[in-house]
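Residues per chain are reported as follows:
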Amino acid sequence: MALYKVMVETGSFLLAGTFDNISITLVGLQEVGAKSKLDNFGRDFLPGATDLYHIHEKQDLGNIELIRLHKEPFLFFSENSWFCSQVTVESPTGKIYHFPCYRWIEGYLTVELPEGRATLTSAEVHNPLLLRWRENELKERRETYKWKVYHKDFPRCIDVGNVAELDSNVKYSITKSLNFAHTQTASTLEIQLEGFFGRQESWKSLEDLKRVLWTHKTATSEYVSQHWREDAFFGYQFLNGVNPMMIKKCNKIPDNFPVTDSMVAYILGPKTNLAAELQRGKIFLVDFKILEGIPGNLLNGHQQYMAAPLCLLYHSPQDEMIPLAIQLNQTPGSENPIFLPSDNEWDWLLAKMWVRSSNFSTHQALTHFLRTHVFAEVFCISTLRQLPMAHPLYKLLIPHHRYTLQINALARERLIGPGGTFDQSTAIGVAGLNELISRDMQAVTYTSICIADNLKSREVESVPNFYYRDDGLKIWSAIESYVSGIVDCYYKSDESIQTDPELQAWVGEIFKEGFLERKSSGVPSSLQTRPELIKYLTMVIFTSSAQHAAVNSGQFDFLAWMPNSPSTMRQPPPKTKGTATLESVLEILPEVGTTASMMVAVRLLSTEPGDMRPLGTFPDEHFTEEEPKRCIKAFQERLSQISAEIESRNASLPLKYYYLNPKVIENSVSI
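Residues numbered from 1 in each chain as written. Predicted model: local features only at pLDDT ≥ 70, side-chain atom pairs only at ≥ 80, totals over all residues. Heavy atoms only, no water.

Peer 1: Requested: an account of the overall build of the protein, with residues and values cited.
Peer 2: The helix and strand inventory of the protein stands at 20 helices and 17 strands. By the compact-globule yardstick of 26 Å for 671 residues, the protein fits well, its C-alpha radius of gyration being 28 Å. With respect to the three principal axes, the spread of C-alpha positions in the protein is 95 × 55 × 45 Å. Sorting the 671 residues of the protein into buried and exposed places 59% on the buried side. Here the contacts in the protein between residues at least 6 apart in sequence split such that 76% fall between residues at least 24 apart. Carbon and sulfur atoms provide 52% of the accessible area of the protein, an area that totals close to 26,400 Å². Placing the 65 positive and 78 negative side-chain charges of the protein at their respective mean positions leaves the two points 2 Å apart. (Helix = DSSP H or I, 4+ residues; strand = E, 2+ residues; numbered from the N terminus. Rg over C-alpha atoms; globule rule 2.2 N^0.38 Å. Buried < 20%, exposed > 50% of the residue type's maximum accessible area, 1.4 Å probe, protein only. Contact = heavy atoms within 4.5 Å. Areas by Shrake-Rupley, 256 points an atom, 1.4 Å probe, with all protein chains shown as cover. Lys, Arg positive; Asp, Glu negative; His and termini not counted. Charge placed at Lys NZ, Arg CZ, Asp CG, Glu CD.)

This is the structure we're talking about:
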């Protein structure tokens, strides 16, 4: 007789356990063991439990290649799901085998789990059992996770009608679901108690706006409400606000933005001029041309308005980014004046509000939704469809796809679908959002989604006080080093990459379904070398974690004070100067009910609803070998060091930038 010790770990969260009968079959290289019921005295498979069982086989089975878990009825009890974390088997010789699972097992069925070592198909060519397992697993996954065309010009998404149709293994945990619902309910109730919802009148004063923030505020939201009028803070937000992706160095004043020296002398002073400051690399541009021609939405039966501004900024001797000039539409002319800091106070403030409103639209639709949420979903679906759980890249990537399908399905239901938040509270609306994303899909490039390349293309590598850049590059480097270590473990040559059919299918499907086979994007459709693979994997993880944190986590901080980032404007851009007053500005800004609805939305989107796993935190042990575990430990140590560096820097800042502190970066797009 051969004695095998089997330890079964059940998930530690609510309802993870089961009453169903669980049996196991050990499949060895030499023999297949008998089906053995896992049944100790008392209750088995309680949440958080590790149950030990002794299995007696007639003979040694050899190396255990995989196990079969059989889930069957127990007496008269109805079927209930079971979350199996992992199974560990100790052979008669003392050898330990790990079988990661980390999934819900639902219904009465048999589930096969391979031994936990990460392998490529090339390692299984002489093992038809494991090759068959890989093929069957991917066949099953492709039936579960199918692509759908949400909009003809969008990246493809998961094929479900609503969140309820999602597979249980990609849904929120009960804890996260309850906390998410609580945050939404609490925020909504607070606004209702104040009587803001549904009100279609204008705000009576800017001071009245503070009432909508009385129950929930942060140090940053308070700072924003106090400093939002200041030119230096206006410019600061293009570097360290929620949309640090728009600003770029200006080497030549655009022909459609006829700014003259006399216009900017008020800021530059008598000892310099535009040509000199352009030569010195001190002039920067934010151009919202992508918004040109997009019609405004209808809210409560009233037309809303969009603009496509150009904004010129100056890096001052005080290391501040100061706005020099603003033109609210792309075609210059007598009815499209250039607004200046020397103008009437309310003219200048209104021009800045129009820029901030345009920034709201591009941030929400493109920087945030398309370039983090949507791309992360593409990466997730392709990973599930093309990489079996034994593949090293599945093990590397799966923590960075946690809950992404759920939050995106929710977004399509509640935010960007007809009648959702975009339709009810923004100038762009659903129709405008669809058009804007369609346009950006023709412009997106591989360079633009890789932070170092992106910064270089915008020529902002040396701008001081650019904390998104500084922290982001550190995070990218840490991820790159971690990824490089994992790649080194499993790919010993470029040829091993070129001949990995699962890897190439994964990359090819992302190119096809995510980037719509647009070769001009520069996004790879295949990978040939180890450096190419490392960069690509780093991009996927960075996009799904750090980049999302940078453009999502500060939404309440920067957007809750509505005048700093209006979601809509109720009158068209001014055609002349000298007409703006406080009263006219209040008539242009969003009405009371729209302001309240948007504040609830940004609070929900930037509040982590529990069950968070910070970047580098991997409680699910998909890797079982020692070398990848060492890579993970080194990654965690580097992230800890980066966190300390950020906190040290922040200690002396009047406005702290913490969105890329690894402690608060979620592993995945999950909110």
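Now that the structure has been shown, the text picks up again.
Peer 1: Let's hear about the pairing of strand β2 (residues 21-28): which residues, and what values?
Peer 2: Of all 8 residues that make up β2, 8 are buried, and the element is covered over most of its length. Burial along β2 is two-sided: Asn21, Ser23, Thr25 and Val27 facing one way and Ile22, Ile24, Leu26 and Gly28 facing the other are all buried. Of the strand pairs in this sheet, β2 and strand β3 (residues 36-37) are connected by 2 bridges, and their pairing is antiparallel. By the bridge assignment, Ser23 is partnered in β3 with Lys37. (Pairing = 2+ DSSP bridges.)

Peer 1: Quick one: what's the story with helix α16 (residues 530-552), residue by residue and with numbers?
Peer 2: Here α16 is 23 residues long and its end C-alpha atoms lie 32 Å apart, about the 33 Å a rise of 1.5 Å per residue gives. At Thr543, α16 shows its largest bend, some 45°. Summarising burial for α16: 19 of the 23 residues are buried, a large majority. (Expected span 1.5 Å × (residues − 1). Bend = angle between axes of the 7 residues up to and from the residue.)

Peer 1: Kindly report on a nonpolar patch on the surface, identifying the contributing residues and their values.
Peer 2: Judged by side-chain polarity, Leu14, Leu15, Ile174 and Leu178 come together as a nonpolar surface patch covering roughly 400 Å² of accessible area. Inspection of the secondary structure puts Leu15 in the loop between β1 (2-10) and β2. (Patch = residues over 30% accessible without salt bridge, like charges linked within 9 Å, V, L, I, M, F, W, Y side chains within 5 Å. Salt bridge = Lys/Arg side-chain N within 4 Å of Asp/Glu carboxyl O.)

Peer 1: Explain the sheet that holds strand β12 (residues 283-287) to me, using residue names and the numbers behind them.
Peer 2: Across the sheet, which stays open at both edges, the 5 strands sit in the order β11-β12-β15-β16-β17 with antiparallel pairing between neighbours. Because the sheet does not close on itself, it has two edges, and the strands there are β11 (248-249) and β17 (338-339). Note: β12 against strand β15 (residues 310-315), 5 bridges, orientation antiparallel. Its bridge partner being in β15, Asp287 is matched across the sheet by Leu310. Against the sheet, helix α4 (residues 231-240) contacts β12, β15 and β16 (321-327), and its axis sits at roughly 95° relative to β16. Docked against the sheet, helix α7 (residues 345-386) engages β16 and β17, running at close to 90° with respect to β16. (Axes fitted to C-alpha atoms, helices over the stretch in contact; angles between N-to-C directions.)

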